[in-house]
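# Structural characterization, general
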Amino acid sequence: MGYPVSYYCPHCGAVVELERDGYLADKSVTPYPLEGWEYADPDESFEDAEGVHFVCGESEASGVTWTDDVSDADDVENPMLDSPCGRQFYLSFVKYEDGREVEAVPESDYVTIGGQGPATTRGPSGPRGPGGR
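Since we're looking at a predicted model, the values are computed, not measured.

Regarding its fold elements, the protein chain presents zero helices and eight strands. Residue burial in the protein chain is summarised as follows: out of 133 residues, 27% are buried. For the protein chain, the proportion of contacts with a sequence separation of at least 24, taken over those separated by at least 6, is 65%. Total accessible area computed for the protein chain in this model is approximately 9300 Å², and 46% of it derives from carbon and sulfur atoms.

Next comes the structure, spelled out in structure tokens:
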């Protein structure tokens, strides 16, 4: 037997109700996927998945209801954003390996900063110390 459980988009606060089994334990709702978690779309069988991938306001799946409510929680990224915003977010369930709960780690983002970097490892020059050294 399923129960409606409410979540809100971390970007805009749009509230969605998801009909799901009570044995599933929620870990988090985040604007990014957790590293090592596999997500199902709300119209797929997500009971065997490790979470659900939402696109804010865009699922017509049975068991999913986008309410007209908007959460005023402090952790909504941009409460002034149009709601629903159409951005992705992720519901992650608690996951165990070898009898221990797996810690959540955000997916890694790699960035290149400032091109090639300095031509030398020598630091900036500053005023000389006592005796001109």
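We are not done yet, so read on.
Spatial ordering of the open sheet is given by β1-β2-β5, a layout of three strands whose pairing is antiparallel. Pairing within the sheet leaves two strands with one partner each, and these edge strands are β1 (2-8) and β5 (64-70). Going from strand to strand, the sheet's axes swing by 30 degrees on average, the running direction of each strand aside. Direction of pairing for strand β2 (residues 14-21) relative to β5: antiparallel, over a ladder of four bridges. Within β5, the position partnered with Leu18 by the bridge is Val64.

The rules behind each value
- Residues numbered from 1 in each chain as written.
- Predicted model: local features only at pLDDT ≥ 70, side-chain atom pairs only at ≥ 80, totals over all residues.
- Heavy atoms only, no water.
- Helix = DSSP H or I, 4+ residues; strand = E, 2+ residues; numbered from the N terminus.
- Buried < 20%, exposed > 50% of the residue type's maximum accessible area, 1.4 Å probe, protein only.
- Contact = heavy atoms within 4.5 Å.
- Areas by Shrake-Rupley, 256 points an atom, 1.4 Å probe, with all protein chains shown as cover.
- Pairing = 2+ DSSP bridges.
- Axes fitted to C-alpha atoms, helices over the stretch in contact; angles between N-to-C directions.

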